[in-house]
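This is what each chain is made of:
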Amino acid sequence: MDNYLKYRFLEHTADIAVEVRGETLEELFGNSAQAWLETVLGGDFIPYINDVKDVTLRELSSEELLVGFLSELNYLLFVHRWIPARISGLTIEKDNDELFLIARLEGEEFSVERHSLKEEIKAVTFHNMNIVQKGNEFVTRIVFDI
Amino acid sequence: MLVNGIELNKISDELWEIPRHKEMRVPGRIYISRDMIESGLQNDEAINQVVNVAHLPGIQKYSLAMPDIHWGYGFPIGGVAATDLNEGVVSPGGVGYDINCGVRLAATSLEFKPLEKRIPKLVENMFKNVPTGVGASGAIKKVSPQEMKRILRQGSHWAIGNGFGSDADADFTEESGMLKNADPEGVFERAIERGLDQVGTLGSGNHFMEVDVVEEIFEETVARVFGLFKGQLVVLIHTGSRGLGYQVCDDYLKVLLKAESKYGFRLPDRQLACAPVRSDEGQRYLGAMQAAANFAWNNRQVIMHLAKKSLMETFNMQESELGFHLIYDVCHNIAKIEEHDIDGKKKKVCVHRKGATRAFAPGSSNIPLKYKDTGQPVIIPGDMGRYSYVMAGTQKAMMETFGSSCHGAGRMQSRHQALKHAKGRDLVAELNKKGISIQAHGHKTIAEEMPEAYKDVADVVNVMHNAGITLKVAKLRPVGVIKG
């Protein structure tokens, strides 16, 4: 799947909206993370992976889980100055009423000499977010408040 | 007329009403002109959001919107709603992510004309002294989490106590720069972390610091009381609570989403998540939101000090020669407990103002004594190439809009469209030609924020003026801008 099919940016007057697809829920989350990365660091960012971090999250709905996951990436970048550049081993499992996510993030320290931030995302919002299964793929919209 | 499928009836040239329908608890009312409905509102979901807000439990009188109405998260930008303290709710969607985003107008006692040639240098110094842009940090030494809690409790009094301003500055700040019921303990750790190195930073997007000249006076007597005169050099600061505020909103949206099902609310948009004002969740949000508001007042206070430093450096003047002082600091993203007239009775309500400025009338108890006879100054920034306005609150605002008015111009073009229109143009040269010096991080910011990307703020201001909600006092013209 090339980038165009994984996600595409939509026209939005004040903020940044993106439509994301994935064959599985896990892939949808991974592609959403890529769209987030392109938003904050630009499409030509080439990572230099030298570190890993693990993330676990538990939420009631897939939308809350996706907002929580992307917010986690945003937090790592804007507070810890660490770029979560790649995702490996992302799994989402049902656990009673909840969804449980485990992900391994690969990345590097943010450095002002080598990187430049394109946008500051204030928050990942719930606006228009509705994860639906269409045929054999999952689709959602995400709006980043900038 | 029908706008986006919603019936909108004319009450007067400046006021239109959405009749109550389906599960709306009150009607909607929008202050706007026919032209603005036809050119902007027609293709905007914002009108649907005015309807959505009317569903909030305990909403009083009307779901209101100001003429700079445009689409926002949950509430529209320009939305105002007051809710009952006993039966009503508080919603972070009615405040926004940038808690206490606001504007501070400080004046010098200097005339612009003799200093005209030194404005580019002034802008350069301001850009050096005030960190701007994406993830801006380090205006002052990074504070410790303990110190941050003091900031969250004390608001701009922290800055003043640490040498970034004088006591008089607090007197001329809405709520004296400190909401007393702020609860720093209710601010989660991540929010504290996000703010530690951001005290005194402008940030990015539409935030700015501007050097303006007072170009026109509409109300001579009021302008004199405000301390404004034609040809005067003034400074306008627009920013908010930075990452700390965004995180407080984000954290509490999650808390209140869970509360929604607990209290059995059914709302048309998840971004309208809310809890009863008096509930544990509602009180916790209000406490944390007030702490974030205090952070923002402190932030603008520190930036004002850095502006003063830049003025002194550039003009080689002592503080006394500069006469730099605060006219007023207003907040345009907040929820506050205020007393208003509801059906002929005084009643305490929770007023949400999201992209709306408080506009208290002459005689109001909560405004500086100096402005007792004029009403409070209401500061309305425009885009960086045209003008901004200073207005004054009126009794009509108290009667009709819970003492609220508009807050700015609002975008007309998306950032993407603006970038397309800026292609091949030298925007810095265009602004210089109009007598405006600019410093920003790169072409992209300037392109995204270029004047034509915004609506004409004069249209917005004229609606409020003609409706008698706030009256025009002075017009400011930008001569220097720093952007994120």
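Everything in this summary refers to the structure shown in the same document. Being a predicted model, the structure only gives us computed values, none of them experimental. (Residues numbered from 1 in each chain as written. Chains lettered and ligands numbered in written order. Predicted model: local features only at pLDDT ≥ 70, side-chain atom pairs only at ≥ 80, totals over all residues. Heavy atoms only, no water.)

**Some points on the interface of chain A and chain B**
Across the boundary between the two partners, chain A contributes 33 residues, which contact 32 residues of chain B. Both faces combined, the contact of chain A with chain B buries some 2800 Å², and carbon together with sulfur accounts for 50% of it. On the chain A side of the interface with chain B, the three residues burying the most area are E120, K122 and F126 of chain A, jointly 24% of the side's total. Taken together, chain A and chain B are joined by five salt bridges. In this structure, E64 of chain A engages K258 of chain B in a salt bridge whose closest nitrogen and oxygen atoms are separated by 3.9 Å. At the boundary of chain A with chain B, the tally comes to nine residue pairs in polar contact (both at pLDDT 80 or more). Here the side of chain A that touches chain B gets seven residues from one element, more than from any other, and that element is helix α3 (residues 62–78) of chain A. Residue classes in the side of chain A that touches chain B are distributed as 13 nonpolar, eight polar and 12 charged. (Contact = heavy atoms within 4.5 Å. Buried area = accessible area lost by both parts, 1.4 Å probe. Salt bridge = Lys/Arg side-chain N within 4 Å of Asp/Glu carboxyl O. Polar contact = N/O pair within 3.5 Å; in protein donor to acceptor, adjacent residues only side chain to side chain. Helix = DSSP H or I, 4+ residues; strand = E, 2+ residues; numbered from the N terminus. Nonpolar A, V, L, I, M, F, W, Y, C, P; charged D, E, K, R; others polar.)

**Some thoughts on the side chain of Q232 of chain B**
Residues and elements named next belong to chain B. Inspection of the secondary structure puts Q232 in strand β11 (residues 232–239). Under the relative-accessibility criterion, Q232 is labelled buried at 1%. At 3.2 Å, the side chain of Q232 forms a polar contact with the backbone oxygen of G227. At 2.8 Å, the side chain of Q232 and the backbone nitrogen of F229 are in polar contact. Not counting chain neighbours up to four residues away, the residues in contact with Q232 comprise A107, T108, L110, D212, V213, V214 and G227. (Buried < 20%, exposed > 50% of the residue type's maximum accessible area, 1.4 Å probe, protein only.)

**Examining helix α4 (residues 145–154) of chain B**
All names here are of chain B. Restricting attention to buried positions, one finds in α4 the residues E147, M148, I151 and L152. Along the long axis of α4, the arc covered by the buried residues comes to 145°, so they all point the same way. Tucked into the core, α4 has its buried residues touching α5 (156–161), α7 (189–195), α9 (242–262) and α10 (280–315). Of the residues trailing α4, G155 is marked for its positive phi of about 60°. (Arc of directions from axis to C-beta.)

**Regarding unusual backbone geometry**
All names here are of chain B. At K61, a position not held by glycine, the phi torsion is positive, near 60°. With respect to the element layout, K61 can be found in the loop between α2 (46–53) and β6 (63–70). For N100, which is not glycine, the phi torsion reads 55° and is therefore positive. When you line up the elements, N100 lands in the loop between β8 (89–90) and β9 (102–111).

**A short note on the sheet that holds strand β3 (residues 9–12) of chain B**
All names here are of chain B. Strand order in the open sheet formed by seven strands is β3-β4-β5-β6-β7-β15-β14, with mixed pairing between adjacent strands. This sheet does not close on itself; its edge strands, each paired only once, are β3 and β14 (333–342). With direction set aside, neighbouring strand axes in the sheet form an average angle of 25°. Both β3 and strand β4 (residues 15–18) contribute to a ladder of three bridges, which runs antiparallel. Opposite K10, over in β4, you have W16 as the bridge partner. Here helix α16 (residues 457–466) sits on the sheet and contacts β5 (28–31) and β6; the angle it forms with β6, its principal contact strand, is near 145°. (Pairing = 2+ DSSP bridges. Axes fitted to C-alpha atoms, helices over the stretch in contact; angles between N-to-C directions.)

**Some points on the sheet that holds strand β4 (residues 82–95) of chain A**
Residues and elements named next belong to chain A. Judged by pairing direction, the sheet is antiparallel, and its three strands sit side by side in the order β3-β5-β4 without closing on themselves. Each edge of the open sheet carries a strand with a single partner, namely β3 (51–59) and β4. Taken over all neighbouring pairs, the strand axes of this sheet differ in orientation by 20° on average, direction set aside. Pairing geometry for β4 and strand β5 (residues 98–109), over 11 bridges, is antiparallel.

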